[in-house]
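Here is how the chains run, residue by residue.
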Amino acid sequence: MRDTLVLNASFEPLSTVTLNRAVVLVLQDKAVVEQSHPVLRMRGAAVDIPAPRVIRLCRYVRVPFRRQAPWSRRGVLVRDRHRCAYCGRRATTVDHVLPRAQGGQDTWLNTVAACAEDNHRKANRTPEEAGMALLREPFEPTPADAMLLALGQEDMAALPEWLARDAA
Ligand SMILES: [Zn+2]
């Protein structure tokens, strides 16, 4: 996996992101290239640039690394890459694993991205009660997730098509 190192505007290393994500940040003028790959290039219909090895954000972002990232619905969707935890299809809603009606809280470990259909079907039941298995357990967001959230990079589906195709 070829990942790109991301530096904050202050040159402090923040995280790594996929090559595709790094190119998108540069194309969106959210980051500048500090160091490029000597050989590898990213090519598309309108783009042909050396693959970035290190990029630096144009704007300083505060990213909570050591303390817990604050929970948000948007954050859950970013963490889960907008994939439903029950069927893997595109998710637009957030499901409480232990339903709020049963005392479930708004926490990273109690919420997952879910498609509207599965969220509706599960309703106020636990996965066991609903007979719906979780494809993966909920987890605390990674530093990369927290950084992308801080940058407003919330949706992988917003990647240009050619970049999505070239996914490393
Ligand atoms: Zn689903």
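In the block above lies the structure referred to throughout.
The following refers to the structure shown. (Residues numbered from 1 in each chain as written. Predicted model: local features only at pLDDT ≥ 70, side-chain atom pairs only at ≥ 80, totals over all residues. Heavy atoms only, no water.)

**Re the coordination of the zinc ion**
Phase 1 of the analysis: C84 (SG), C87 (SG), C115 (SG) and D118 (OD) make up the full set of protein donors to the zinc ion, lying at 1.9 to 2.3 Å.
Phase 2 of the analysis: What the four donor atoms of the zinc ion show is an angle range of 105 to 116 degrees at the metal, which sorts the shape as tetrahedral.
Phase 3 of the analysis: One chain supplies every donor for the zinc ion, spaced along it as C-x2-C-x27-C-x2-D. With C84 in the loop between helix 2 (73-79) and strand 5 (93-96) and D118 in helix 3 (residues 116-122), this residue pair connects regions lying 34 residues apart in the sequence. For the pair C84 and D118, a shared accessibility class is recorded, and that class is buried. (Donors = N, O, S within 2.8 Å, 3.2 Å for Na, K, Ca; no water. Tetrahedral: all angles 85-135°; square planar, octahedral: opposite > 155°, others 65-115°. Helix = DSSP H or I, 4+ residues; strand = E, 2+ residues; numbered from the N terminus. Buried < 20%, exposed > 50% of the residue type's maximum accessible area, 1.4 Å probe, protein only.)

**Notes on the pairing of strand 1 (residues 3-7)**
Phase 1 of the analysis: Strand direction decides the pairing type here: strand 1 and strand 2 (residues 13-18), joined by five bridges, are antiparallel. What sits directly across from T4, in strand 2, is V17.
Phase 2 of the analysis: The hairpin formed by strand 1 and strand 2 contains five residues between the paired strands, and F11 there has a positive phi angle of roughly 75 degrees.
Phase 3 of the analysis: By the bridge criterion, three bridges tie strand 1 to strand 4 (residues 48-57) in an arrangement that is parallel. Bridge assignment links V6 to a residue of strand 4, and that residue is I55. (Pairing = 2+ DSSP bridges.)

**Some remarks on the pairing of strand 6 (residues 111-114)**
Phase 1 of the analysis: Because side chains alternate across strand 6, one face comprises the buried residues T111 and A113, and the other comprises V112 and A114, equally buried.
Phase 2 of the analysis: Here strand 5 pairs with strand 6 via four bridges, running antiparallel. The residue bridging D95 from the neighbouring strand is V112, located in strand 6.

**A look at the nonpolar core**
Phase 1 of the analysis: Counting residues in each nonpolar core, the largest one holds 16 residues, and the members touching the most others are L77, C84, Y86, A91 and V112.
Phase 2 of the analysis: For this core, the secondary-structure elements that each account for two or more residues are helix 2 and strand 6.
Phase 3 of the analysis: Sorting elements by how many residues they give to this core places strand 6 first, with three residues.
Phase 4 of the analysis: Once residues within four sequence positions are removed from consideration, A91 is found in contact with L77, H82, R83, C84, A113, A114 and C115.
Phase 5 of the analysis: Counting 15 residues, the second largest nonpolar core, distinct from the first, contains L25, I55, A146 and M147. (Core = buried A, V, L, I, M, F, W, Y, C linked by side-chain atoms within 4.5 Å. Contact = heavy atoms within 4.5 Å.)

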